[in-house]
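Residues per chain, in single letters:
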Amino acid sequence: MRHTVFTPHRGDDGNLIADSGHSIPLDIYTPDAIAGWRGAPPAMANHVGIVVVDPENIDDVHAAVTTWCRDNIGREDIQFTN
């Protein structure tokens with residue numbers, strides 16, 4: 001069975017680890033943190049996924065990570081670890 005695990009790394013950032021062992025680091029930014037960027041942030045930069053979310057709670061972060069995965073790597077089988 002396919003699965004992708006999001007494992008926290010530092011702060012809100014983390015790593016996506018696929019069942020194959022391949023890993024993609026994800027950096028999570030709030031809209032305020034990217035306000036000074038020119039244009040919309042890319043989905044990936046330097047092999048790091050960029051997720052933008054204004055979280056009210058951890059469920060908002062999980063939803064944003066799941067949406068990023070669906071839209072950018074075609075995976076919706078995300079499991080979250082502590």
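Whatever comes next refers back to the structure up there.
Thresholds, definitions, all that
Residues numbered from 1 in each chain as written. Predicted model: local features only at pLDDT ≥ 70, side-chain atom pairs only at ≥ 80, totals over all residues. Heavy atoms only, no water. Helix = DSSP H or I, 4+ residues; strand = E, 2+ residues; numbered from the N terminus. Buried < 20%, exposed > 50% of the residue type's maximum accessible area, 1.4 Å probe, protein only. Contact = heavy atoms within 4.5 Å. Areas by Shrake-Rupley, 256 points an atom, 1.4 Å probe, with all protein chains shown as cover. Lys, Arg positive; Asp, Glu negative; His and termini not counted. Charge placed at Lys NZ, Arg CZ, Asp CG, Glu CD. Phe/Tyr/Trp six-rings, centres within 6.5 Å; stacked < 30°, edge-to-face > 60°. Core = buried A, V, L, I, M, F, W, Y, C linked by side-chain atoms within 4.5 Å. Pairing = 2+ DSSP bridges.

**Q** I would appreciate a short explanation of the overall build of the protein in the present structure.
**A** The secondary structure content of the protein amounts to one helix and six strands. Sequence-ordered secondary structure for the protein, helices as α and strands as β, is β-β-β-β-β-α-β. Counting only residues that meet the buried cut, the protein has 28% of its 82 residues in that class. Relative to all contacts within the protein whose residues are 6 or more apart in sequence, the contacts with residues 24 or more apart total 34%. For the protein, the accessible surface area stands at approximately 5400 Å², while carbon and sulfur atoms represent 49% of it. The positive charge centre, built from 5 side chains, and the negative charge centre, built from 12, are 10 Å apart in the protein.

**Q** Explanation requested: the packing of aromatic side chains in the structure shown.
**A** Geometry of an aromatic ring pair is reported as the spacing of the ring centres plus the angle between the planes. Inspection of every chain in the model, using the stated rule, returns two aromatic pairs. Between F6 and F80, the aromatic rings sit 5.8 Å apart at their centres with planes inclined by 55°, giving tilted as the arrangement. Here the residue F6 occupies a position in strand 1 (residues 4-8), and F80 occupies one in strand 6 (residues 78-80), the gap between them amounting to 74 residues. Of the residues examined, F6 reaches a relative accessible area of 6% and is grouped as buried. Its relative accessible area of 27% is what places F80 among the partly exposed residues. For the pair Y29 and W37, a centre-to-centre distance of 5.2 Å together with 70° between the ring planes defines the contact as edge-to-face.

**Q** Looking at this structure, I do not really get the nonpolar core. What am I missing?
**A** A general feature of soluble globular proteins is that nonpolar side chains tend to end up buried together. Core analysis: the biggest nonpolar cluster contains 13 residues, and F6, L16, L26, I28, V65 and W68 have the highest contact counts within it. For this core, the secondary-structure elements that each account for two or more residues are strand 3 (23-29) and helix 1 (58-73). Looking at which element gives the most residues to this core, the answer is helix 1, with five residues.

**Q** I would appreciate a short explanation of the pairing of strand 3 in the present structure.
**A** Each regular strand displays side chains that alternate between the two surfaces of the sheet. Of the two faces of strand 3, the one holding I24, L26 and I28 is buried and the one holding S23, P25, D27 and Y29 is not buried anywhere. Bridging between strand 2 (residues 14-18) and strand 3 involves four bridges; their strand directions are antiparallel. For I17, the partnering residue across the bridge sits in strand 3 and is S23. Hairpin connection from strand 2 to strand 3: four residues lie between these consecutive antiparallel strands, with G21 at a positive phi of about 100°. Of the strand pairs in this sheet, strand 3 and strand 5 (residues 48-52) are connected by four bridges, and their pairing is parallel. Directly across from D27, in strand 5, lies its bridge partner I50.

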